[in-house]
Amino acid sequence: MPRSILFVHAHPDDEAIGTGATMAMYAAAGVRVTLVTCTLGEEGEIHVPALEGLAAAEADQLGGYRIGELAAACAALGVTDHRFLGRAGRYRDSGMMGLPTNDHPRSFWQADLDEAAGLLLDVIRETRPQVAVTYDPNGFYGHPDHIQAHRVTMRACELAEKEGLAPAKIYWTAVPKSTLQAGIEEFAGTANNPFAEVKSASELPFGTPDELITACVDGREFAEQKVAAVRAHASQIPENYWMLSVAGNFGAEFMGMEFFQLAAGERGPGGGPNRWESDLFAGLAQPAPVPSAR
Ligand SMILES: [Zn+2]
């Protein structure tokens, strides 16, 4: 069975920002990398003045436009298998928690869990991932579509289990509290500091306690691809976007290291002081070698 990994993200751009280096690394290694994006990101803020008329309250064309941005991001990451959950436009961006957009009949927040999970199960049946990656129960930072992506992925894996097709491991994306704390200290006084108002990582509504982290993927070699993928989502990038200016200041270390919490399956061998896995396939049986061409 060839190695296969499934990433489930809420909006176009989450793949690049959250797991871009890991996706690029596995794509380069010849692993089947499948990205499922649950919504078109119709409610995103538009940061390109010439495109402002596409906004939900105006022409409501942002979602369609972002399909092109996502395609460019996937190309930058070397990811060729991308789908929208169900199909493009099946589920709509729900907007931030508490907004009226949460109640749109097509919003992902209103999705029937089993129906949406069934659509993801179809992808699992086809691609047979050994590893699935999504967000933690809080959707990393509380956005309804991220929470729903978590629920749908966990439910789809449960349904897959009944067919003997469950991924052997499920990971949730994570940023260690210690990394956030180091960031707060390092970025102090720099331009576009995302943490300017924050004194301690404990004040932030996101971040995973270090002891819950189980894997750290070193994708520094792929940091440039990740930056290119983030830039491909140009409509979403404010001038002086902190992530890119921070990337400029701190480089591959910041962009390339991605962390994960194992949510299901057995933890594989790891290294370093934390015994973190460096490979999301760690501990799984290696695939049979591909016979060389004669
Ligand atoms: Zn998102």
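Residues numbered from 1 in each chain as written. Predicted model: local features only at pLDDT ≥ 70, side-chain atom pairs only at ≥ 80, totals over all residues.

Observations regarding the nonpolar core
Point 1. Of all hydrophobic cores here, the largest spans 71 residues; its most connected members are Ile5, Met23, Leu77, Leu120, Tyr171, Ala215 and Phe260.
Point 2. Per-element accounting of this core gives the leading share, seven residues, to helix α1 (residues 14–28).
Point 3. Contacts of Leu77, omitting those with residues within four sequence positions, involve Gly20, Met23, Ala24, Ala27, Gln225 and Ala229. (Core = buried A, V, L, I, M, F, W, Y, C linked by C-beta atoms within 7 Å. Buried ≥ 20, exposed ≤ 12 C-beta atoms within 10 Å, placed from the backbone. Helix = DSSP H or I, 4+ residues; strand = E, 2+ residues; numbered from the N terminus. Contact = placed C-beta atoms within 7 Å.)

Considering the environment of Gly86
Point 1. Topologically, Gly86 is positioned in the loop between β3 (81–84) and α3 (113–127).
Point 2. Given 17 C-beta atoms within 10 Å, Gly86 falls into the partly exposed group.
Point 3. Look past the residues within four positions of Gly86 in its chain and what remains in contact with it is Tyr91 and Leu119.

Examining the UniProt feature "binding site: Zn(2+)" (unreviewed entry) in the protein
Point 1. Mapped onto this numbering, the UniProt entry annotates "binding site: Zn(2+)" (unreviewed entry) at His11, Asp14 and His146. Taken along the chain, the residues just named run across 136 residues; in space they keep tight, none of their C-alpha pairs more than 9.4 Å apart.
Point 2. Here Asp14 lies in helix α1.
Point 3. Judged by the 27 C-beta atoms lying within 10 Å of it, Asp14 falls in the buried class.
Point 4. As for its placement among the helices and strands, His146 is situated in helix α4 (residues 144–162).
Point 5. Aside from chain neighbours lying at most four places away, what touches His146 is Ala10, Tyr135, Gly139, Phe140 and Tyr141. (UniProt positions renumbered as here; feature names shortened; annotations may be inferred.)

Overview of helix α6 (residues 223–232)
Point 1. Burial runs high along α6: seven of the ten residues are buried.
Point 2. Taken together, the buried positions of α6 are Ala223, Gln225, Lys226, Val227, Ala229, Val230 and Ala232.

Description of the pairing of strand β4 (residues 131–134)
Point 1. Of the two faces of β4, the one lined by Val131 and Val133 and the one lined by Ala132 and Thr134 are each fully buried.
Point 2. Bridge analysis of strand β1 (residues 4–9) against β4 gives three bridges, and the strand direction is parallel. What sits directly across from Leu6, in β4, is Ala132.
Point 3. By the bridge criterion, four bridges tie β4 to strand β5 (residues 169–174) in an arrangement that is parallel. Pairing of Thr134 across the sheet is with Trp172, part of β5.
Point 4. With respect to chirality, the unit in which β4 leads through α4 into the neighbouring parallel β5 is right-handed. (Pairing = 2+ DSSP bridges. Right-handed = clockwise from strand over helix to strand, strands pointing away.)

Points about the environment of Gly18
Point 1. Within the secondary structure, Gly18 sits in helix α1.
Point 2. Counting along the chain gives 155 residues from Gly18 to Thr173, while the straight-line C-alpha distance between them is 7.3 Å.
Point 3. Among residues more than four places away in sequence, those in contact with Gly18 are His9 and Thr173.

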